[in-house]
Amino acid sequence: MTEEPFLIRSDDAGVVTLVLNRPNARNGLSLGMLRALHAALAEIEQDSSARVVIIAGAGPAFCAGHDLKELRGRNYDPAYVDELFALCGEVMQAIVNLSKPVIARVHGVATAAGAQLVASADLAFAAEDSRFATPGVNIGLFCSTPMVALSRNVAHKHAMQMLLSGDLIDAPTALRFGLVNELVPATELEARTRAFAQKIASKSPLTLAIGKKAFYRQAELPLAEAYAFTREVMAENLKAQDAQEGIGAFLDKRAPVWTGS
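Residues numbered from 1 in each chain as written. Predicted model: local features only at pLDDT ≥ 70, side-chain atom pairs only at ≥ 80, totals over all residues. Heavy atoms only, no water.

Asker: Is there a simple way to explain the sheet that holds strand E5 (residues 109–111) in this structure?
Answerer: In a beta sheet, neighbouring strands are held together by backbone hydrogen bonds and run either parallel or antiparallel to one another. The three strands lie next to each other as E5-E7-E8, forming an open sheet whose pairing is mixed. The open sheet has two edge strands, E5 and strand E8 (169–170), and neither has a second partner. Alignment of strand E7 (residues 131–133) against E8, held across two bridges, turns out to be antiparallel. What sits directly across from Phe132, in E8, is Ile169. Against the sheet, helix H4 (residues 113–120) touches E5 and E7, its axis set at about 95° to E5. (Pairing = 2+ DSSP bridges. Helix = DSSP H or I, 4+ residues; strand = E, 2+ residues; numbered from the N terminus. Contact = heavy atoms within 4.5 Å. Axes fitted to C-alpha atoms, helices over the stretch in contact; angles between N-to-C directions.)

And the structure:
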């Protein structure tokens, strides 16, 4: 009997969709799932045809976090635990460092490391009935690694509310907190996310890569340093053929032709 893959990849006009494929385990981030996701992101980075990435989940949930059954089944072996959390951190950083925008398409629940996955993505579109939580405190294992991404996406008091209570929050609350960008009826979620991804994919891939990298870099800098850094980024960006093509197309009132250079 052939085992189902941890991830299912599909490509459509520059939009790559990665579907977490452990529906019976609520797409828990097992070591195998994390390895598959890490490898897929590395492949996408080298794929010039890939412009935007959508991460979604198969079955009734987006992602319920780490696979607690696997953790217990490994008897909490320190070497395994260290590898698991290290790799999870590498995956989340790979999402942020990827030169292509990443969109989380969320349905059902996104909890613990699943909420971390949503927070690590550049954008998140969620079903109106989706729910989110960092519930580790309820089982004696504080969501310390999910806290890193969460606290960089929402206000500190909102992050602490989620982390200290462990409560599920509904989709409107996640929108108010800034954890997601938009709420969509569940039946329209896939189409809406794809349409937005295609809009992004129509832009210059070079410009997207420059902008995404600069966004996260400037966010770490004091105000004056951020302006100095982004001034240099804009001056360098202006040398690119795509920037000059885009300006020319705007002034000439025509559609730009991107070359990615």
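Asker: Would you mind going over the packing of aromatic side chains with me for this structure?
Answerer: The description of an aromatic ring pair rests on the distance of the ring centres and on the angle between the ring planes. Enumeration according to the criterion identifies two aromatic pairs in this entry. With a centroid separation of 5.1 Å and 50° between ring planes, the pair formed by Phe125 and Phe196 is classed as tilted. With a gap of 71 residues between them, Phe125 in strand E6 (residues 123–127) and Phe196 in helix H8 (residues 189–201) connect regions that are remote in the sequence. Given a relative accessible area of 2%, Phe125 falls into the buried group. A ring pair is formed by Phe215 and Tyr216, whose centres lie 5.1 Å apart and whose planes are at 90°; its orientation type is edge-to-face. It is Arg217 that lies over the ring of Phe229; its NZ or CZ is 5.9 Å from the centre. (Phe/Tyr/Trp six-rings, centres within 6.5 Å; stacked < 30°, edge-to-face > 60°. Buried < 20%, exposed > 50% of the residue type's maximum accessible area, 1.4 Å probe, protein only. Lys NZ or Arg CZ within 6 Å of the ring centre and 35° of its normal.)

Asker: Is there a simple way to explain the packing of helix H1 (residues 31–45) against helix H3 (residues 78–97) in this structure?
Answerer: The angle between the axes and the distance between the axes are what describe a pair of packed helices. One can describe the packing of H1 onto H3 by two numbers: an axis separation of 9 Å at closest approach and a directional angle of 30°. Considering the angle they form, H1 stands roughly parallel to H3. Both H1 and H3 take part in a crossing whose hand is left-handed. The residues of H3 that touch H1, namely those facing Leu31, Leu34, Arg35, Leu37, His38, Leu41 and Glu45, are Tyr80, Glu83, Leu84, Leu87, Cys88, Glu90, Val91, Ala94, Ile95 and Asn97. For the contact of H1 with H3, the class distribution of residues is eleven nonpolar, two polar and four charged. (Parallel < 35°, antiparallel > 145°, perpendicular 65-115°, else oblique. Left-handed = near helix turned anticlockwise from the far one by under 90°. Nonpolar A, V, L, I, M, F, W, Y, C, P; charged D, E, K, R; others polar.)

Asker: I'm lost on the packing of helix H9 (residues 205–219) against helix H10 (residues 223–237) in this one. Help?
Answerer: Contact pair H9 / H10: the axes reach a minimum separation of 10 Å and the direction vectors enclose 170°. By the criterion of interaxial angle, the relationship of H9 to H10 is roughly antiparallel. Facing Thr207, Ile210, Ala214, Arg217 and Gln218 of H9, the residues of H10 in contact are Ala226, Phe229, Thr230, Val233 and Asn237. When the residues that make up the contact of H9 with H10 are grouped by side-chain class, the tally is five nonpolar, four polar and one charged.

Asker: What is the right way to look at unusual backbone geometry in this model?
Answerer: Comment: phi is negative for the bulk of residues other than glycine, and the bulk of peptide bonds are trans. Backbone geometry at Asn27 places phi at a positive 55°, although glycine is not the residue there. As for its position among the elements, Asn27 is in the loop between strand E2 (15–20) and H1. One non-glycine residue, Tyr76, lies in the positive phi region at around 55°. Mapped onto the fold, Tyr76 is located in the loop between helix H2 (68–73) and H3.

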